[in-house]
Amino acid sequence: FEPLFLQYDVDLYLSGHAHVYERLAPLGLNGTVDPAELNNPKSPWYITNGAAGHYDGLDSLQSPRKPYSRFGLDTNNAVYGWSLLTFHNSTHLTHEFVASNNNTVLDSATLYRAHK
């Protein structure tokens, strides 16, 4: 779907997966990191949150992490958690990963994206 995401200026691609939380940099075609990072990128921002639970527990991330990985929980600090999205206005969006056991924010990042 990458070409479509780029063609239609998708801001955020939020997905789930069994056992893991990871936040990536905005990525262009073929996994190239957008040099603007979260400051008005031309590429979508990718977040995978699958840390809500799974019958066989949490898994570790691939090691070493890919160069476009910006945050992820490994087996030493992996916890169950959920995502909180805050839309500040038409150009700013904050994503927070919150631990289910005590509501601690473990990861937070804000995307700025200008719109036509």
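Everything below is about the structure shown above.
Reading guide: rules and limits
Residues numbered from 1 in each chain as written. Predicted model: local features only at pLDDT ≥ 70, side-chain atom pairs only at ≥ 80, totals over all residues. Heavy atoms only, no water. Pairing = 2+ DSSP bridges. Helix = DSSP H or I, 4+ residues; strand = E, 2+ residues; numbered from the N terminus. Axes fitted to C-alpha atoms, helices over the stretch in contact; angles between N-to-C directions. Buried < 20%, exposed > 50% of the residue type's maximum accessible area, 1.4 Å probe, protein only.

### Structural notes on the sheet that holds strand β7 (residues 105-112)
1) Next: Ordered in space as β5-β6-β7, the three strands form an open sheet in which the pairing is antiparallel. Each end of this open sheet is capped by a strand with a single partner; those strands are β5 (81-87) and β7. When strand polarity is set aside, the average angle formed by the axes of neighbouring strands in this sheet is 15°.
2) Next: Here β5 pairs with strand β6 (residues 92-99) via seven bridges, running antiparallel. Residue pairing in the sheet places Phe 87 in a bridge with Leu 93 of β6.

### Overview of unusual backbone geometry
1) Next: Positive phi, close to 65°, is recorded for Asn 40, a residue that is not glycine.
2) Next: Assignment of secondary structure puts Asn 40 in the loop between β2 (21-24) and β3 (45-49).
3) Next: The class for Asn 40 is partly exposed, based on a relative accessible area of 31%.
4) Next: Backbone geometry at Asn 103 places phi at a positive 60°, although glycine is not the residue there.

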